Amino acid sequence: MNQTQLDMLSNSEKEFLEVNGYLNLGQLLTGAEVSAINEKLKKLLEAEGENAGSELAESKYIRHPKEEGADRLADLVNKGSIFDQFYTHPRVLAGISAVLGDSYKLSSLNYRAAKPGKGLQKLHVDYKNAVVANDYKVCNSIWLLDDFTTDNGATRIVPGTHKSDRLPDEVMKDPNLSHPEEILINAPAGSVFIFNSHVWHGGTENRTSNIRRSIHSYFCTRDQPQQIDQRKYLTQETSNRLSVRAKEILDV
Ligand SMILES: O=C(O)CCC(=O)C(=O)O
């Protein structure tokens, strides 16, 4: 593991992530940055219309390619430099590295917004099967672009289940229902959470009249296929702007 990166997390943060399978990194974005990102996303959604998120629909490696209850945008890597920080922020990389070790890459960088009255997902993991503890293949970070509250479709997580060696489908009668031990990510806009993607998690129903916006920078170990083939989608413009390290993270 890269010690400099891991030093970006305190020992108690590393331990919390290890035990619970998630970690609040705090507010990594200012209010002004959140507004600028939301403005950019709005323009992209308008420009892409019906095609928004289509890159995911083309991928063989995605669990929810089309989700009626959520707006999606995909391949944000190639949609503006404002998104570079989502997969290069040192504290995020420290969290990813704490779960996956040194050998990781970006799998996909997507936007997900739970629509009013919608957004419920069953409890799931983002991998085809359960894995034994510490043999983790995938790890997510969720960037909150609105305050996440108990009502607006905040992500739920069942702490510790990344070590259970079981999938929610195998254990729960109905993974759409709430789990007695689940917690809700409640935090202000600009906050970033790391979650081990083997922990049981899912979106909840947005019971407000406003959308609940987030970006997921999702990583996998280097031996796994990316949800978005970054080499296929990389544009010249993105390539010209990125550092050697950023390209290494994209595996391009
Ligand atoms: O956006 C969320 O709250 C969770 C989304 C999620 O887990 C997924 O799409 O797999």
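The residue numbering used here restarts from 1 in each chain and proceeds along that chain's sequence as written. Thresholds applied to this predicted model are a pLDDT of at least 70 for local features of residues and 80 or more for the giving and counting of side-chain atom pairs; totals over whole chains, interfaces and linings are not thresholded and use all residues. Where side-chain values are given, they derive from all heavy atoms of the structure, hydrogens and water being excluded.

Draft legend 1. Structural context of the sheet that holds strand β1 (residues 22–27). Pairing in this open sheet of six strands is antiparallel, and the strands run β1-β7-β4-β9-β3-β2 from one edge to the other. Every interior strand has two partners, whereas the edge strands, β1 and β2 (70–73), have only one. Averaged over all pairs of adjacent strands, the angle between their axes in this sheet comes to 20°, without regard to strand direction. Against the sheet, helix α3 (residues 31–48) touches β2, β3 (104–114) and β9 (212–221), its axis set at about 90° to β2. By definition in these notes, contact holds between two residues if any of their heavy atoms fall within 4.5 Å. What counts as an axis is a line fitted to C-alpha atoms, over the stretch in contact for a helix, and the angles between N-to-C directions run from 0 to 180 degrees. Comment: elements are numbered from the N terminus, with helices defined as DSSP H or I runs of at least four residues and strands as E runs of at least two. Here helix α5 (residues 90–100) sits on the sheet and contacts β1, β3, β4 (138–144), β7 (191–196) and β9; the angle it forms with β4, its principal contact strand, is near 155°. What makes two strands pair is DSSP finding at least two bridges between them.

Draft legend 2. Representation of the pairing of β7 within the structure. Judged by how many residues are buried, β7 sits mostly within the fold: six of six residues are covered. Exposed residues in this analysis have more than 50% of their type's maximum accessible area, buried residues have under 20%, and partly exposed residues fall in between, with area computed by a 1.4 Å probe over protein chains only. Covered by surrounding structure in β7 are Ser191, Phe193 and Phe195 together with Val192, Ile194 and Asn196, the residues of both alternating faces. Here β1 runs beside β7; their pairing, made up of four bridges, is antiparallel. Across the sheet, the residue bridging to Leu23 is Ile194, located in β7. Alignment of β4 against β7, held across five bridges, turns out to be antiparallel. Each residue of the ladder has a partner; that of Asn140, found in β7, is Phe195.

Draft legend 3. Quick look at the state of the cysteines. Here, the term disulfide refers to a pair of cysteine sulfur atoms separated by no more than 2.5 Å. Inspection of every chain in the model, using the stated rule, returns zero disulfides. Here Cys139 stays unpaired: no disulfide links it, and the sulfur of Cys220, its closest cysteine neighbor, is 11 Å away. You can call Cys220 buried: its relative accessible area is 1%.

Draft legend 4. Up close: the pattern of salt bridges. Whenever a carboxyl oxygen of Asp or Glu lies within 4 Å of a side-chain nitrogen of Lys or Arg, that contact is scored as a salt bridge. A full pass over the atoms with the stated rule returns 17 salt bridges. Residue Asp169 pairs with Lys122 through a salt bridge whose shortest N-O separation is 3.1 Å. Here Asp169 is found in helix α6 (residues 168–171), whereas its partner Lys122 is found in the loop between β3 and β4, with 47 residues between them in sequence. What makes Lys122 partly exposed here is its relative accessible area of 31%. Here Arg213 makes a salt bridge to Asp146, at a shortest N to O gap of 2.7 Å. A residue pair is termed long-range when its members are at least 10 positions apart, and Arg213 in strand β9 and Asp146 in the loop between β4 and β5 (155–158) qualify at 67 residues. Looking at Arg213, the relative accessible area reads 22%, which means it is partly exposed. You can call Asp146 buried: its relative accessible area is 15%. Here the residues in one salt-bridge network are Lys105, Arg222, Arg231 and Asp251, joined through shared partners.

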